[in-house]
Amino acid sequence: MAAGQFSWDIPVLVEEYVFGLAAGLAIIGVLLSLRDWRRFSSLIRTSITLSAVLAVVGLITLVIELGRPERAAYAIVNLLLLGTSVMSRTVPVLMIFTGAAVLSALFWIRPASVVKIRRFFEVVLLLSAFPAGLQAGILLMAASKRLLWQTPILPYLYLFTGILAAIGIVGLLIIRNTKLYEEFTDLLVDMNTYTVVLLAVTGLATIAHLVFVESPAAVINLLTNPFPLAAPTFYLGYIIVGLGLPATHSYIAFAARTPLSRNILLRLYISLIVGALALRVSMLYAGQLF
Amino acid sequence: MSLIPEKATQDRFGTYEEVARNSLAMLFDQDLCIGCRACQVACKRWNEREPLYEQAGRDPVAELGREIAKGKEGYAGAEIVSFTNPQNLEAHTWLTMKFDEFGDGETLQWLFTRVSCMHCVEAPCVYGCPTTALWKYPEGPVVVRTDLCIGCRNCIETCPFDVPRMNFELGVVEKCTLCADRISNKPIAVGSFKGDTYNPQFEIKNIFPYSSHNLLEPACVETCPTDALKWGPRNEIVRMAREKAQRIGGFLYGLEEAGGTNVIYVLKRPPEELGLPKVYKERPSTRTERLVSQFNALGLAGVLMLGVVGAVRWLGERKNRILKNNGKGK
């Protein structure tokens, strides 16, 4: 790297974000499928297909951002034969996850045809979605040079925000259509409940992460350094838009036990999607300054 | 259970203790360095590195961010106004000498600090590399095998000394090899003559590889005119470093950093004043294993908590169902 450059830049950010979203969408899609696949079929089909597309995009980004993309297979071969790198332990998980997402999406073209086989791949998808959602955090956690990333909480923070962003996408799918909005009122109420719980857990995990970082200077840098948009993205994008706004909105909806107006829900779901991205932007760039 | 498979541990390269005990090491003695940069030239020449004509690919926003985070490059937040040239490592510069000026009363003191790979006894970059392109040799060097490198830059993000650099033209990472090609070139000695005039045969024997007298030293060590760079078995180098540091009231760097390195510095000022990175003291594997076990424990606790919440909820619903059924029965 030449002086002043970031070794992990936009492609890594894209990969972290799309895998987080893909994992979240897969988790929600499969859970809906296990709950009542006939009733939620339109939502499941869209979320699992979107998850598969995002996973493929993530995998392609991961390969393209390498200095020598044509040698990407070396990493897989080495992992299977020698397994020397902690940071690439999650590579097979990403591959299994992507494969399961693509196969499940294919089965959802005609979901009633082979239910048992589809179920099998959905369970594989669900089981691989959790490590796939944790993957970006593990990659950063294992980078022993960067003190801001050095806590065991960071992978979970990435998983939770990925699921929250996926809730945002599924919510958008529902509220964009009046018929779906009316049909899935109970689902929206449930989603609000889970959003409140997840936001609370994510907020606590964020505080715990910042407290347990070995170097206070690295945390102060995250909170104060305006370049390259680390602190503003963290405060505005993650804390206010990503956690604060949705927490307020979903708490109101949770307390009222009815879904909010579509306009408010639209803002809530968009802010969840923005929040996950903002966390990744601020962590990736502020982390590389220390 | 650890995420690190057994075969990935230090044992692949010889145990940590074996490498620490048996490997070769370099001593940089700041007290003797005159800043002639002969080592830089020797490094470029032996490794056929191109000269740096201009500073390439600077990102002003990232530089500004880094400046706010860590202060300007140089010591104690002071801007570089010295003769450090090249100012930092890059793909073709594997070694640079950092020039620092210190005002002491009315006198000016120059101190020259080696900036290059420290060749950790247990190298974090080796653990970060997904293709084993980075490899720790039992003799001491940590080498990038560029034919295996995929350019993922994991090593850049794991190296606490900020050493590996991306060569964007080749798409691979490059750094100092500790002249592995020289030090592994074990000299041979011709023994007794065995054959005859028509079929001459000599007994060839390898000289003991760890003898510092018979090995090719790294190019920078060989060229150093003041013996500020020394080369030898690590045990001996550690002993010399301790002795010299004690004698001049100096500071040691590399003895404990990242669990110990194969390049050890004797410095005249504290490392942080010379702009050397403050590095954790534990072995990288210990550090990573600790984080991974904490990560696993957190996950397990989360699953258990979810299980308990789920069980409580299920029991509650079951109780309600039974009560409801009993009510209906009545």
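Parameters at a glance
Residues numbered from 1 in each chain as written. Chains lettered and ligands numbered in written order. Predicted model: local features only at pLDDT ≥ 70, side-chain atom pairs only at ≥ 80, totals over all residues. Heavy atoms only, no water. Helix = DSSP H or I, 4+ residues; strand = E, 2+ residues; numbered from the N terminus. Contact = heavy atoms within 4.5 Å. Areas by Shrake-Rupley, 256 points an atom, 1.4 Å probe, with all protein chains shown as cover. Pairing = 2+ DSSP bridges. Axes fitted to C-alpha atoms, helices over the stretch in contact; angles between N-to-C directions. Polar contact = N/O pair within 3.5 Å; in protein donor to acceptor, adjacent residues only side chain to side chain. Expected span 1.5 Å × (residues − 1). Phe/Tyr/Trp six-rings, centres within 6.5 Å; stacked < 30°, edge-to-face > 60°. Lys NZ or Arg CZ within 6 Å of the ring centre and 35° of its normal. Patch = residues over 30% accessible without salt bridge, like charges linked within 9 Å, V, L, I, M, F, W, Y side chains within 5 Å. Salt bridge = Lys/Arg side-chain N within 4 Å of Asp/Glu carboxyl O. Buried < 20%, exposed > 50% of the residue type's maximum accessible area, 1.4 Å probe, protein only. Disulfide = S-S within 2.5 Å. Domains from an automatic or database assignment. Buried area = accessible area lost by both parts, 1.4 Å probe.

Novice: Give me the lowdown on the overall build of chain B, citing residues and values where you can.
Specialist: For chain B, the helix and strand inventory stands at nine helices and 12 strands. Counting contacts in chain B only where the partners sit at least 6 residues apart, residues at least 24 apart contribute 61% of the total. Summing over all exposed atoms, chain B offers an accessible surface of approximately 17000 Å²; the carbon and sulfur share of this is 55%.

Novice: Report on the sheet that holds strand 10 (residues 229–233) of chain B, specifying residues and quantitative values.
Specialist: Within a sheet, neighbouring strands are paired by backbone hydrogen bonds and run either parallel or antiparallel to one another. All names here are of chain B. The strand order 10-1-12-11 describes an open sheet built from four strands, whose pairing is mixed. Of all the strands in the sheet, just strand 10 and strand 11 (251–253) have a single pairing partner and so form its edges. The average angle at which neighbouring strand axes cross in this sheet is 20 degrees, direction not considered. Where strand 1 (residues 24–29) meets strand 10, five bridges bridge the pair, whose relative direction is antiparallel. Looking at the pairing, phenylalanine 28 lines up with leucine 229 of strand 10. Here helix 8 (residues 234–248) sits on the sheet and contacts strand 1, strand 10, strand 11 and strand 12 (263–267); the angle it forms with strand 10, its principal contact strand, is near 135 degrees.

Novice: How would you sum up the side chain of B:Arg182? Please name residues and give values.
Specialist: Residues and elements named next belong to chain B. With respect to the element layout, arginine 182 can be found in helix 6 (residues 180–183). Polar contacts involving the side chain of arginine 182 include one to the side chain of glutamate 222, which spans 3.0 Å. In contact with arginine 182, other than residues within four places in its own chain, are Trp46, Leu216, Glu217, Pro218, Ala219 and Glu222.

Novice: Hey, could you go over helix 8 of chain B for me, with residue numbers and the actual values?
Specialist: End to end, helix 8 of chain B covers 21 Å across 15 residues, agreeing with the expected 21 Å (1.5 Å per residue, within 8%). Positive backbone phi, approximately 65 degrees, marks B:Gly249, located one or two places after helix 8 of chain B.

Novice: Could you give me a rundown of the packing of aromatic side chains, with the residues and numbers involved?
Specialist: A complete count under the given rule lists 15 aromatic pairs over all chains for this structure. Pairwise contacts between aromatic rings join B:Phe28, B:Phe161, B:Tyr253 and B:Tyr265 into one cluster. Over the aromatic face of A:Tyr181 sits the side chain of A:Arg262, whose NZ or CZ is 5.4 Å from the ring centroid.

Novice: Now, about a nonpolar patch on the surface: what can you tell me, with residues and values included?
Specialist: Residue and element names in this part refer to chain A. A contiguous nonpolar patch, built from Val56, Ile60, Ile64, Val102, Leu103, Leu106 and Ile109 and spanning about 600 Å² of accessible area, is present on the exposed surface. Looking at the nonpolar patch, the elements that each hand over two or more residues are helix 2 (41–64) and helix 4 (91–107). Look at isoleucine 60 and you get partly exposed, because its relative accessible area is 45%.

Novice: So what's going on with the pairing of strand 3 (residues 107–116) of chain B? Which residues, and what values?
Specialist: All names here are of chain B. In terms of strand pairing, strand 2 (residues 95–104) meets strand 3 through 10 bridges, oriented antiparallel. Residue pairing across strands places aspartate 104 opposite threonine 107, the latter belonging to strand 3. Hairpin connection between strand 2 and strand 3: a loop of two residues separates the two successive antiparallel strands, and glycine 105 in this loop has a positive phi of roughly 65 degrees.

Novice: Break down the pairing of strand 12 of chain B for me, citing the residues and quoting the values.
Specialist: Residue and element names in this part refer to chain B. For strand 12, a buried count of five out of five residues is recorded, marking the element as mostly surrounded by other parts of the structure. Pairing geometry for strand 1 and strand 12, over four bridges, is parallel. Note that in strand 12 the partner of aspartate 29 across the bridge is valine 266.

Novice: I'd like to hear about the state of the cysteines, residue by residue, with values.
Specialist: All names here are of chain B. Scanning all chains against the criterion turns up zero disulfides over all chains. Not part of a disulfide, cysteine 33 finds its nearest cysteine sulfur in cysteine 39, a span of 6.5 Å. A residue is classified by how much of its surface remains accessible, and cysteine 33, at 15% relative accessible area, is buried. The thiol sulfur of cysteine 179 is not disulfide-bonded, and the nearest other cysteine sulfur, from cysteine 220, lies at 6.0 Å. Residue cysteine 179 is classed as buried on the basis of its relative accessible area of 7%.

Novice: Which residues make up the side chain of B:Thr84, and what values do they have?
Specialist: All names here are of chain B. Tracing the backbone through its elements, the reader meets threonine 84 in the loop between helix 3 (60–70) and strand 2. Here phenylalanine 99 takes part through its backbone nitrogen, which lies 2.8 Å from a polar atom of the side chain of threonine 84. What threonine 84 contacts, discounting residues up to four positions off in sequence, is Arg37, Thr96, Met97, Lys98 and Phe99.

Novice: Lay out helix 6 (residues 154–175) of chain A in plain terms, naming residues and giving numbers.
Specialist: Compared with the 32 Å implied by 1.5 Å per residue over 22 residues, the 31 Å span of helix 6 of chain A between its first and last C-alpha is a close match. Of all 22 residues that make up helix 6 of chain A, 21 are buried, and the element is covered over most of its length.

Novice: Please set out the domain arrangement of chain A residue by residue, giving values where relevant.
Specialist: Residue and element names in this part refer to chain A. In terms of domains, chain A is made up of domain 1 (1–145) and domain 2 (147–154 + 182–290). Averaged C-alpha coordinates put domain 1 and domain 2 at centres separated by 22 Å. Taken together, the contact pairs 22 residues of domain 1 with 22 residues of domain 2. In total, about 2000 Å² of surface goes out of reach between domain 1 and domain 2, with carbon and sulfur atoms giving 63% of it. For the pair domain 1 and domain 2, the number of links is two salt bridges. When the shortest N-O distance is used, the salt bridge between aspartate 190 and arginine 35 registers 2.8 Å. In this structure, the connection of domain 1 to domain 2 is made through 11 residue pairs in polar contact (both at pLDDT 80 or more). Within the residue set of the side of domain 1 that touches domain 2, elements represented by two or more residues are helix 1 (10–36) and helix 5 (115–141).

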